[in-house]
Structure formats: C-alpha cells, structure tokens
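Descriptive analysis of the structure
Next come the chains, spelled out residue by residue.
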Amino acid sequence: MWKPFDFDSTKSYPIISYVYPGPQTEPFPTSFSLTGYTGRNQALSQLGFVVVAFGQRGGSPVRSRYYHTYGYDNLRDYPLMDNKYGIEQLASRHSFIDQNKVGIFGHSGGGFMSTAALLSYPDFYDVAVASAGNHDNNVYNTWWSETHHGVTENRKTVKEMNEDSVEVEREEITFESKIKTNAELAENLKGHLLLVHGDVDNNVHPANTIRLADALIKAGKRFDMMMLPGRRHGFGPYQPYFERQKWYYFSQHLLGDYRTNVDFNLP
C-alpha cells in the first residue's frame, strides 16, 4: 500500500489499484524501490491517493502447476473478483479509504483487466486508465494469450465474388475465448475510461484498442483515448508524458481537480 507522505489517518482518500492478471507474474512488489512501477505508484499516491496492488489466485509461477494454471480459459473474472474483494476488505479495516471513489490501472494484460473491471463492475470501479491492453483475443493470440488464457481457433469456408465477378472460396479464421471481449461489454460503461496505446506496438496490436473504441462509439459511450506516435509496447521516452496524463486523469475524476496549467515537460 502506497500513501501520501503527508498521510493523515483521520482523512478519507480515494483508492487506486494497480493490476495485472498474471499468471506468469504478479503486480505487487516484493521489495522497496523508487524505480519502475513501484516508484510510479509511490509518485501517484502523492497526489492524494491510497494506491494498492494485489496478487490473485493463480498469480504465482513459483507454486505448483495446478495453482499456476488456475485461471486457464478465464484471466478476467477471478482476478477481478479477488481485486474487488481486496479493496472491500481494506476499506472495511481502514476508515481512511473511500470505497466510493475507486480507480484502477494497468499495462498490457493490466490494460485489459482495468478496462474489464470498469465494464464488469460499473457500480464499483469509477475510473480506469488502460495502456496497451489486449482487449480482443481475435487480434492478440500469440504466446501469452494462447499459453495462459486459452483460445479456440475456428475455421470456415466463405464464398464471395472476386473483382472479375467470379465466385471464389477463401478460408476465414477467427479466435474465441470463453469470456467476452471488452468490446462486447462496451455498453456497460458508466465511469471514466482513458485508453492509451502506442501506434506501432509490436506485442499487442493497436487494433485491440481501436476495436474497443469502435464498440464504445457504437454504444454511445463517452471515453478518452490517446495514441502515442512511434511508440511500441513500451512507451520509452513518452513514458513520463503518459504518467502525467494518468496523474491528471485520476485527479480530475477522483479528486475533482481540473487544473490545466501543468508543464508536461518536467523531468
């Protein structure tokens, strides 16, 4: 748990959860650090938040194979249930946590999970920042999803007319999983969602976020989206800019702080 340096236990703070569904790694740190996501979570908390990160069932690769594959076929529902329960449990123990103001964020699988949280529990989670999320396994089915989540390949023959008006056949391949894609849950959106993706992501194709955006538009939902030019799966020199956008997004929607006189070029 990360708290502001001027933390006051008599006050009430919004809570933000940093997430990753695993199972090959877990999002919570095992040592103190001022770098990486540990340092970024510490920085985020200084704005006036309690920031947390939980493990979840099946999240540890150092335990048995049975435990490691606990969530095979569903890397959405059990991590979300565990995350929601963890926040509820902390709020019941600590009066300084405001359970009515809940944020969530993550990158890659965490981008998928944070968006799924907002769409699966729209009355619990209020704000999500999702970066490089694999929202649709039809366009993200390489090693991670196939290995840890499980997808089914479907092949069918489709007849169509070519440019010479001759009927031809082609094979159409689609992929599906046992849970709905985030795009299929788009109509559930109630809170505030910021989608971020590098436009040349070499791991999770930007189409994952674009398909979700298309579904949200068709559902008439309001959301925010930012494409980072020339950035791959890691945002590199654009990471500080993204971090500040994340700070201000949570500040606006959880603290009501809409100040715009901010220098994004700070080191």
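Let me begin by describing the structure that accompanies this report. (Residues numbered from 1 in each chain as written. Predicted model: local features only at pLDDT ≥ 70, side-chain atom pairs only at ≥ 80, totals over all residues. Heavy atoms only, no water.)

Some points on the pattern of salt bridges
Applying the stated rule across the entire model yields 13 salt bridges. Between Glu153 and Arg155 there is a salt bridge, with its nearest N and O atoms 2.7 Å apart. A residue is classified by how much of its surface remains accessible, and Glu153, at 42% relative accessible area, is partly exposed. For Arg155, a relative accessible area of 49% puts it in the partly exposed group. Glu172 is the salt-bridge partner of Lys156, the closest N and O atoms lying 3.7 Å from each other. Here Lys156 is found in strand S5 (residues 152-161), whereas its partner Glu172 is found in strand S6 (residues 167-176), with 16 residues between them in sequence. You can call Glu172 partly exposed: its relative accessible area is 25%. One network of salt bridges, in which partners are shared, links Lys156, Glu160, Arg170 and Glu172. (Salt bridge = Lys/Arg side-chain N within 4 Å of Asp/Glu carboxyl O. Buried < 20%, exposed > 50% of the residue type's maximum accessible area, 1.4 Å probe, protein only. Helix = DSSP H or I, 4+ residues; strand = E, 2+ residues; numbered from the N terminus.)

Some thoughts on the nonpolar core
Among the nonpolar cores identified, the biggest contains 35 residues, and Tyr125, Leu193 and Leu216 are the most heavily contacted of them. Elements supplying a minimum of two residues to this core: strand S1 (13-18), strand S2 (50-53), helix H3 (77-93), strand S3 (97-107), helix H4 (109-120), strand S4 (127-131), strand S7 (192-198) and helix H6 (207-218). Ranked by residues supplied to this core, first place goes to H4 with six residues. Among the nonpolar cores identified, the runner-up in size contains 21 residues, and Ile16, Tyr18, Val51 and Phe242 belong to it. (Core = buried A, V, L, I, M, F, W, Y, C linked by side-chain atoms within 4.5 Å.)

Just distances and angles here, no functional claims.
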